[in-house]
Amino acid sequence: MERLGTGIGWRPEIADAVERMPGIDWVEAVAENVCPGHLPDSLRRLRERGITVVPHGVSLGLGGADRPDAGRLTALAERAQVLGSPLVTEHIAFVRAGGSLTASPHLEAGHLLPVPRTRAALDVLCENVRIAQDALPVPLAVENIAALICWPGEEMTEGQFLYDLADRTGVRLLIDVANLHTNHVNRAEDPAKALAELPLEAIAYVHVAGGFERDGVWHDSHAHPVPRPVLDILTDLASRVSPPGVLLERDENFPEPAELEHELGAIRRALEAGAVERVKTELRSGGGATAALRREPAGVGAGLFGEAGAGRQERTRGGGALLDAAALGRPSAARGGDGVPLVGVPATRREAARRARGEAGAGAAWQGDETGAAGATRGASGLPPQGGADDARQRLGLAQAALLSALVAGTPVPEGFDRMRIGVQARALAAKRADVVAKVAPELPVILGDEYRTAFLGYAQTHPMTDGYRRDALTFAEHLLSTGRPGAPRARRELREWWLERSGPKPRSARQTHRLARATRRVLQRH
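Sequence order as written defines the numbering, with residues in each chain counted from 1. Totals for whole chains, interfaces and linings use all residues, but because this is a predicted model, local features are given only for residues with pLDDT of at least 70 and pairs of side-chain atoms are given and counted only at 80 or more. Based on all heavy atoms of the structure, the side-chain values leave hydrogens and waters out of the count.

Participant: Go over the overall build of the chain with me, naming the residues and quoting the values.
Facilitator: We count a stretch as a helix when DSSP gives it H or I for four or more residues in a row; a strand needs E for two or more, and each element gets its number in order from the N terminus. Scanning the chain from terminus to terminus reveals 19 helices and 14 strands. A 1.4 Å probe rolled over the protein chains alone gives each residue an accessible area, and that area as a share of the maximum for its type sets the label: buried under 20%, exposed over 50%, partly exposed in between. Split into buried and exposed, the 527 residues of the chain put 53% on the buried side. Pairs of residues are marked as contacts when any of their non-hydrogen atoms sit within 4.5 Å. Here the analysis covers contacts within the chain between residues at least 6 apart in sequence; of these, 71% occur between residues at least 24 apart. Calculation of accessible area relied on Shrake-Rupley with a 1.4 Å probe; when residues are assessed, cover is drawn exclusively from the protein chains displayed. Accessible surface, the chain as shown: approximately 22700 Å² in total, 53% of it carbon and sulfur.

Participant: Give me the lowdown on the packing of helix 6 (residues 177–187) against helix 8 (residues 228–240), citing residues and values where you can.
Facilitator: The interhelical angle for the contact between helix 6 and helix 8, taken along N-to-C directions, is 120°, at an axis separation of 9 Å. For the pair helix 6 and helix 8, the sense of crossing is right-handed. Between helix 6, through Val 177, Ala 178, Leu 180 and His 181, and helix 8, the contact on the second element is made entirely by Pro 229, Val 230, Ile 233, Leu 234 and Leu 237. In this description, a line fitted to the C-alpha atoms serves as the axis of each element, helices being fitted only across the stretch in contact, and the angle between N-to-C directions of two axes falls anywhere from 0 to 180 degrees. The hand of a helix crossing depends on one turn: near helix anticlockwise from the far one by less than a right angle means left-handed, and clockwise means right-handed.

Participant: Go over unusual backbone geometry, please, and point to the residues and values.
Facilitator: Each neighbour pair has its own omega, and for Arg 485 with Pro 486 the value is 0°, a cis peptide bond. With respect to the helices, strands and loops of the structure, Pro 486 is situated in the loop between helix 17 (469–482) and helix 18 (489–503). Even without being glycine, Ala 103 reaches a positive phi, approximately 55°. Following the sequence through the fold, Ala 103 ends up in the loop between strand 5 (94–99) and strand 6 (104–113). Look at Asp 215: it is not a glycine, yet its phi comes out positive at around 55°. Accessibility expressed as a relative area gives 78% for Asp 215, which makes it exposed.

Participant: Give a description of the pattern of salt bridges that names residues and reports values.
Facilitator: By definition here, a salt bridge exists when the distance from a side-chain nitrogen of Lys or Arg to a carboxyl oxygen of Asp or Glu is within 4 Å. Under the defined criterion, the tally for this structure stands at 23 salt bridges. Its salt-bridge partner being Glu 108, residue Arg 96 comes within 2.9 Å of it at the nearest N-O pair. A residue pair is termed long-range when its members are at least 10 positions apart, and Arg 96 in strand 5 and Glu 108 in strand 6 qualify at 12 residues. You'll find Arg 96 and Glu 108 in the same group, each marked buried. In this structure, the salt-bridge partner of Asp 435 is Arg 453, at a minimum N-O distance of 2.7 Å. Of this pair, Asp 435 sits in helix 14 (residues 419–440) while Arg 453 sits in helix 16 (residues 451–462), and the two are 18 residues apart along the sequence. When its relative accessible area of 31% is taken as the criterion, Asp 435 is described as partly exposed. A residue is classified by how much of its surface remains accessible, and Arg 453, at 34% relative accessible area, is partly exposed. In the salt-bridge network here, residues are joined through shared partners; they are Arg 117, Glu 154, Glu 158, Arg 187 and Glu 189.

Participant: Explain helix 6 residue by residue, including any values.
Facilitator: Along helix 6, nine of the 11 residues are buried, which leaves the element largely enclosed by surrounding structure. Sitting at the amino-terminal end of helix 6 is Asp 176, which places a side-chain oxygen 2.9 Å from the backbone nitrogen of Ala 178. Looking one or two residues beyond helix 6, the residue adopting positive phi is Ala 188, at roughly 55°. By the criterion applied in these results, polar contacts are pairs of N or O atoms within 3.5 Å in which, for protein atoms, one can donate a hydrogen and the other can accept it, and in which residues neighboring in sequence qualify only through two side-chain atoms.

Participant: Give a detailed account of the packing of helix 4 (residues 119–135) against helix 5 (residues 158–169), specifying residues and quantitative values.
Facilitator: When two helices pack together, you describe them by how their axes are tilted relative to each other and by the distance separating the axes. Running from N to C, helix 4 and helix 5 point in directions that differ by 45°, and their axes come no closer than 10 Å. Here helix 4 lies oblique to helix 5, going by the angle between them. Handedness of the helix 4/helix 5 crossing: right-handed. Residues Arg 119, Leu 122, Asp 123, Leu 125, Cys 126, Val 129, Arg 130 and Gln 133 of helix 4 lie in contact with helix 5, whose contacting residues are Phe 161, Asp 164, Leu 165, Arg 168 and Thr 169. Ten residue types, Ala, Val, Leu, Ile, Met, Phe, Trp, Tyr, Cys and Pro, are classed as nonpolar, four, Asp, Glu, Lys and Arg, as charged, and the remainder, Gly among them, as polar. Its residues assigned to classes, the contact of helix 4 with helix 5 comprises six nonpolar, two polar and five charged. Here the angle decides the label: under 35 degrees means roughly parallel, over 145 means roughly antiparallel, 65 to 115 means roughly perpendicular, and every other value means oblique.

Participant: Outline the pairing of strand 2 (residues 26–30), supporting the account with residue identities and numerical values.
Facilitator: Among the five residues in strand 2, five count as buried, and that is most of the element. On strand 2, burial covers both faces: Trp 26, Glu 28 and Val 30 on one face and Val 27 and Ala 29 on the other are all buried. Pairing geometry for strand 1 (residues 5–10) and strand 2, over four bridges, is parallel. Looking at the pairing, Ile 8 lines up with Val 27 of strand 2. With helix 1 (residues 15–20) bridging strand 1 and its parallel neighbour strand 2, the resulting β-α-β unit is right-handed. As judged from the five bridges shared by strand 2 and strand 3 (residues 52–56), these two strands associate in the parallel manner. Looking across to strand 3, one finds that Ala 29 is bridged to Pro 55. Orienting the strands away from the viewer, one traces the path from the first strand over the helix to the second; a clockwise path indicates a right-handed crossover. Read as a crossover between parallel neighbours, the route from strand 2 over helix 2 (residues 41–48) to strand 3 is right-handed. Between any two strands, at least two bridges found by DSSP are needed for them to pair.

In short, shape yes, function no, at least from these values alone.
So, in structure tokens, the structure goes:
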């Protein structure tokens, strides 16, 4: 696995600062915000300097019931090739539901939603990951997500779910320690337990980010400083393994560059503290100082991104780079308590090792018994207990469509979910939707002024998103105009003109700056 080092999420708002920032080894860019034919000058300059750029996708929906869209996979592959990236990353999440699979309206979440940790859902996820791997020219890594809500009847912990996913597909893992903290607060899940269950040798890199707590709920905002508990989890992880790379994420509310550099320094110190603990553990275990120091070749700081595990070398797709088998998620070093290798071995041996340790997940569920959410979903759909892969997708699709409909369309909350948490998540989705529409269509807040947010949140209550955010902006404008709003004639006229410019066959100007300037001039002319 390529050693990435210390990185930061590249965003247009901080592009200049990132270029000047000392000690940045690599950056990550949101894949959907990069156009292969028109790379931002900043990214191009970083590439020319030898800085690695990793595309980070947010819209594949690998945890959804549908198979990954071929067009989205092609777009992600193009970005990897143009950027010369050693890998691409996505999320273990679903982002849309409904459609032909469930004979229900297509709905978009505009957000990453959790996948039920059941064996049936894992089967679907594994197939989707394999489809993506086959379509991409470089290795894929998938990220654990933050969640406000829990699926009822889950059969596996997060660590077990990720372990089996990596074991069955060879996919790499992008571990977000901020998301582990979020799930600790919101779902009472122990981060240390999750780390103990992970296949550490499969880690591609690590995300670190900030958030905030409100009314006992942690919001993974990526808009606040990294808190101490998140850094403590990073130290715990670094005490177990030396991650190939660590990246600071910040998506909005950007501080001064000096503050970002300070956060990067805190991340490096957390890694160093973990590395010290790792060396101490190795010394106590009887490996001896020589063996321990050999893994820290130039002192603790220089060894932060040392080997995560030894293994045979294998040639991978996309350029034929030689990569460690352990880093590919097919390690030979991960072993059970009896010394039996757990990753990349037949299921019967892997299950025997789990039984010997008394792990959850061994036993009846492996023998085909239906429990928890999987059985409940089968019953709700009226389908037979033992069906094919398409039946499993349909059952998962029905469950996800029911949840997403409750979140964005106001339908009844499915049985077993926490109604209060569903309400919190629904409000958070609507607020994020308003924020993103204001970014992709900045003329709307200018035209509507202080009325924008109230009007949009009212619209969102009865109009779930069925396409992307740009289509959502147009539909919002159509909704306002059809109801005689805004009340001021001039504002209504300007909104109608904006809508005609954007929805007509030939907009007057394709340049966003020109459209925003016209809208701003109209507002100034009112006074």
